[in-house]
Amino acid sequence: MGRQQLFGQQQPIKSRGLLAAWLVIPLTLAATLGAVEPESTLEIGATAPAWRDLPGVDGKTHGWADVKDAKAVVVVFTCNTCPYAVDAEDRLISLHQRYASRGVALVAINCNTVANDLPPAMRTRAEQKGFQFPYLHDQSQQIAIQFGASITPEFFVLGPDRKLVYRGAMDDSPDGKAVSKRYVEAAIDSILEGSSLQTTQTPPIGCRIRFNTSSRRRS
């Protein structure tokens, strides 16, 4: 079964025009889904926007204060219904296991508002996979808009001052089967070790976040 048939709700793309044409969603389909691109992009070195009062799969609300003591923060915009996001789940779990004890916080945020991406379905997915990191839902979609995120999964690595160090793909293998460059891990290591980072931005590969036009009006 192909990726586009697997879930029947998301179509894989690569952002910013760098993917081959067969991966790009036609504009007519994007319009049908009500998808719009964020108008701004969080630049490397900029301070990341704070989030607050986002409901998590643990039944609690979460905010910026939860990560105030973290040496680094990895924010990933993800969802239940994109096959590329599903492919990244085991790698997310491994990333959390490797770095949590070193003071690195991982926060997953789902901004889609279709039924299979709402909190009840998120809780089921988190329980099935055994997520030990926060998995939050942003009904307003404002956090993704403020970050300039447009793809799931899309990663943002923040330093201790909460300035953006890296944004883009997790690694160089969308399905995780042939990883040779681990971009997010390299960004985390550069923060923890105080070293320079060679690659600060890559194009994420995945599915378009389903932005609502009402979310755009509120931004």
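Up top you'll find the structure we're talking about.
This structure is a prediction, so every number in the text was calculated from the model and none was measured.

(A) Seen up close, the pattern of salt bridges. Under the definition given, this model contains six salt bridges. Of the charged contacts, one joins aspartate 90 and lysine 129 as a salt bridge, the two residues approaching to 2.7 Å between their closest N and O atoms. Linking aspartate 90 in helix 3 (residues 83–99) with lysine 129 in helix 4 (residues 119–129), this pair joins segments that are 39 residues apart in sequence. According to the relative accessible area criterion, aspartate 90 is partly exposed, its value standing at 49%. One salt bridge connects arginine 91 with aspartate 171, and the closest N-O pair in it is separated by 2.7 Å. Here aspartate 171 lies in the loop between strand 9 (164–168) and helix 6 (183–193) and arginine 91 lies in helix 3, a separation of 80 residues in the sequence. A relative accessible area of 14% places arginine 91 in the buried class.

(B) The state of the cysteines, seen in detail. Within the structure shown, the criterion is met by one disulfide. The thiol of cysteine 79 is not disulfide-bonded; the next cysteine sulfur, from cysteine 82, is found 5.1 Å away. The exposure class assigned to cysteine 79 is buried, which follows from its relative accessible area of 1%. Summary of cysteine pairing: cysteine 111 is not part of a disulfide, and the nearest cysteine sulfur, belonging to cysteine 79, is at 9.9 Å. A residue is classified by how much of its surface remains accessible, and cysteine 111, at 2% relative accessible area, is buried.

(C) Structural context of the sheet that holds strand 6 (residues 135–137). Ordered in space as 6-5-4-8-9, the five strands form an open sheet in which the pairing is mixed. The sheet terminates laterally at strand 6 and strand 9, the two strands that pair on one side only. Taken pair by pair, the neighbouring strands of this sheet meet at an average axis angle of 20°, ignoring direction. Sheet topology note: the strand 4 (residues 72–77)/strand 5 (residues 104–110) ladder contains six bridges and is parallel. Across the sheet, phenylalanine 77 pairs through a bridge with isoleucine 109, a residue of strand 5. Helix-sheet contacts for helix 3 involve strand 4, strand 5 and strand 8 (154–158), and the interaxial angle to strand 5 is about 155°.

(D) Region of the structure containing the packing of aromatic side chains. Counted according to the given criterion, the structure contains seven aromatic pairs. Ring geometry for tryptophan 51 and tryptophan 64: centres 4.9 Å apart, planes at 85°, overall edge-to-face. Highlighted residues: tryptophan 51 in the loop between helix 2 (27–32) and strand 2 (54–55) and tryptophan 64 in the loop between strand 3 (61–62) and strand 4, separated in sequence by 13 residues. With relative accessibility at 3%, the residue tryptophan 51 sits in the buried group. The class for tryptophan 64 is partly exposed, based on a relative accessible area of 25%. Ring plane angle 75° and centroid distance 5.7 Å describe the contact between phenylalanine 131 and tyrosine 135, whose orientation is recorded as edge-to-face. Side by side, phenylalanine 131 and tyrosine 135 carry an identical accessibility label, which is buried. Counting every residue linked through ring pairs, the aromatic cluster contains Phe77, Phe147 and Phe156.

(E) Inspection of the pairing of strand 4 at higher detail. Summarising burial for strand 4: six of the six residues are buried, a large majority. With burial as the criterion, each face of strand 4 is covered, one bearing Ala72, Val74 and Val76 and the other bearing Val73, Val75 and Phe77. Handedness of the crossover joining strand 4 and strand 5 through helix 3 is recorded here as right-handed. One ladder, built from five bridges, connects strand 4 with strand 8; its direction is antiparallel. For valine 75, the partnering residue across the bridge sits in strand 8 and is phenylalanine 156.

(F) Representation of the nonpolar core in the model. Judged by nonpolar contacts, the single largest core of 26 residues is most densely connected at Val74, Val157, Tyr166, Val184 and Ile188. Of all elements in the fold, only strand 4, helix 3, strand 5, helix 4, strand 8 and helix 6 reach the threshold of two or more residues within this core. Per-element tally for this core: the top contributor is helix 6, with five residues. Ignoring any residue separated from it by four or fewer positions in sequence, one finds valine 157 in contact with Val73, Val74, Lys163, Leu164, Val165, Tyr166, Val184, Ala187, Ile188 and Ile191. Val107, Cys111, Ala144 and Leu164 belong to the second-largest nonpolar core, a separate cluster that totals 24 residues.

Analysis parameters
- Residues numbered from 1 in each chain as written.
- Predicted model: local features only at pLDDT ≥ 70, side-chain atom pairs only at ≥ 80, totals over all residues.
- Heavy atoms only, no water.
- Salt bridge = Lys/Arg side-chain N within 4 Å of Asp/Glu carboxyl O.
- Helix = DSSP H or I, 4+ residues; strand = E, 2+ residues; numbered from the N terminus.
- Buried < 20%, exposed > 50% of the residue type's maximum accessible area, 1.4 Å probe, protein only.
- Disulfide = S-S within 2.5 Å.
- Pairing = 2+ DSSP bridges.
- Axes fitted to C-alpha atoms, helices over the stretch in contact; angles between N-to-C directions.
- Contact = heavy atoms within 4.5 Å.
- Phe/Tyr/Trp six-rings, centres within 6.5 Å; stacked < 30°, edge-to-face > 60°.
- Right-handed = clockwise from strand over helix to strand, strands pointing away.
- Core = buried A, V, L, I, M, F, W, Y, C linked by side-chain atoms within 4.5 Å.

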